[in-house]
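# Working through the structure, step by step
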Amino acid sequence: MAQGKTIIVLGGGIGGTVAASRLRKMLPSEHRVVLVERESKHVFSPSFLWLMIGARRAKQISRPMAALAKRGVELVQGEIERIDAVNRAVRVNGKDLAGDYLIVALGADLAPEAVPGLAQAGHNFYTLSGAESLRDARLELRSGRLIVLVSA
């Protein structure tokens, strides 16, 4: 019997979660699918819009990352300290993990502090807490204007 391969997926956002889940469904059981994520919950970020208008609650758009284990995906929870793409290896919480294939789906790193005053006066609707605070501020708005800023 052939030796199974190990696929390491970095990032438990939409891209990483879908990649890990689909690979697990498609591949025979001798292959390992390992997902590395720092958060304990997966939040479905496209639903932030519904959260902001009150059509969803946070618990409706989030699931425990550990639920992937029921589908056969191994979860390594922790902070990625180093990525060695050439050797398809990663260091997580001081431990090295190597695979035969590496999928990097880490998403964007937000930096609202890069726009002067934004962190103090604005709401970052790309995070769960930001979408919730924007919803609350929208409900309290009695006059004035709401401005949406998308910056790079």
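Here the structure is shown first, and the text comes after it.
Described in the following lines is the structure provided in the data block. (Residues numbered from 1 in each chain as written. Predicted model: local features only at pLDDT ≥ 70, side-chain atom pairs only at ≥ 80, totals over all residues. Heavy atoms only, no water.)

This part takes up the pattern of salt bridges. A full pass over the atoms with the stated rule returns six salt bridges. The salt bridge partner of Glu74 is Arg32, with a shortest N-O separation of 2.8 Å. Highlighted residues: Glu74 in strand S5 (residues 74–77) and Arg32 in strand S2 (residues 32–37), separated in sequence by 42 residues. Residue classification places Glu74 among the partly exposed residues on the basis of a relative accessible area of 33%. Across the pair Arg91 and Asp96 runs a salt bridge, and its minimum N-O distance is 2.9 Å. Judged by relative accessible area, Asp96 falls into the exposed class, the value being 52%. Look at the salt bridges and you will find they share partners, linking Arg38, Glu39 and Glu79 into a network. (Salt bridge = Lys/Arg side-chain N within 4 Å of Asp/Glu carboxyl O. Helix = DSSP H or I, 4+ residues; strand = E, 2+ residues; numbered from the N terminus. Buried < 20%, exposed > 50% of the residue type's maximum accessible area, 1.4 Å probe, protein only.)

Spatially, four strands are ordered S5-S2-S1-S9 in an open sheet, and the strand pairing comes out parallel. Each of the sheet's edge strands pairs with one partner strand only, and the pair in question is S5 and strand S9 (101–104). Each adjacent strand pair in this sheet contributes to an overall mean axis angle of 20 degrees, direction not counted. Sitting on the sheet, helix H1 (residues 14–26) touches strand S1 (6–10), S2 and S9, and the angle it makes with S2 is about 165 degrees. (Pairing = 2+ DSSP bridges. Axes fitted to C-alpha atoms, helices over the stretch in contact; angles between N-to-C directions. Contact = heavy atoms within 4.5 Å.)

As for its placement among the helices and strands, Ile14 is situated in helix H1. As a C-alpha pair, Ile14 and Leu97 span 83 residues in sequence and 22 Å in three-dimensional space. Non-local contacts of Ile14, meaning those with residues more than four positions away in its chain, are made with His42, Phe44, Ser45 and Pro46.

Two numbers describe a pair of aromatic rings. These are the distance of the centres and the angle of the planes. Tallied over the entire structure, the rule returns one aromatic pair. We note Arg56 situated over the ring of Trp50; from NZ or CZ to the ring centre the distance is 5.0 Å. (Phe/Tyr/Trp six-rings, centres within 6.5 Å; stacked < 30°, edge-to-face > 60°. Lys NZ or Arg CZ within 6 Å of the ring centre and 35° of its normal.)

Strand-to-strand pairing in sheets goes through backbone hydrogen bonds, with the strands running parallel or antiparallel. The strand order across the open sheet built from three strands is S6-S7-S8, with neighbouring strands paired in antiparallel fashion. Pairing within the sheet leaves two strands with one partner each, and these edge strands are strand S6 (80–84) and strand S8 (95–98). Between one strand and the next, the sheet's axes are offset by a mean angle of 20 degrees, whatever the strand orientation.

Once that is clear, we can look at the layout of surface pockets. Of the pockets and cavities examined, the largest pocket occupies roughly 1200 Å³. The set of elements that each furnish at least two residues to the lining of the largest pocket consists of H1, S2, strand S3 (41–43) and helix H2 (48–52). Residue classes in the lining of the largest pocket are distributed as 16 nonpolar, 12 polar and six charged. Empty space within the second largest pocket amounts to approximately 730 Å³. What lines the second largest pocket is a set of 27 residues, and nearest its centre among them are Leu118, His123, Asn124, Phe125 and Leu149. (1 Å grid on protein atoms, 1.4 Å probe; cavity = no way out; pocket = protein on both sides within 12 Å on 5 of 7 lines; lining within 4 Å. Points joined across faces, edges and corners; volume = space filled by probe spheres on them. Nonpolar A, V, L, I, M, F, W, Y, C, P; charged D, E, K, R; others polar.)

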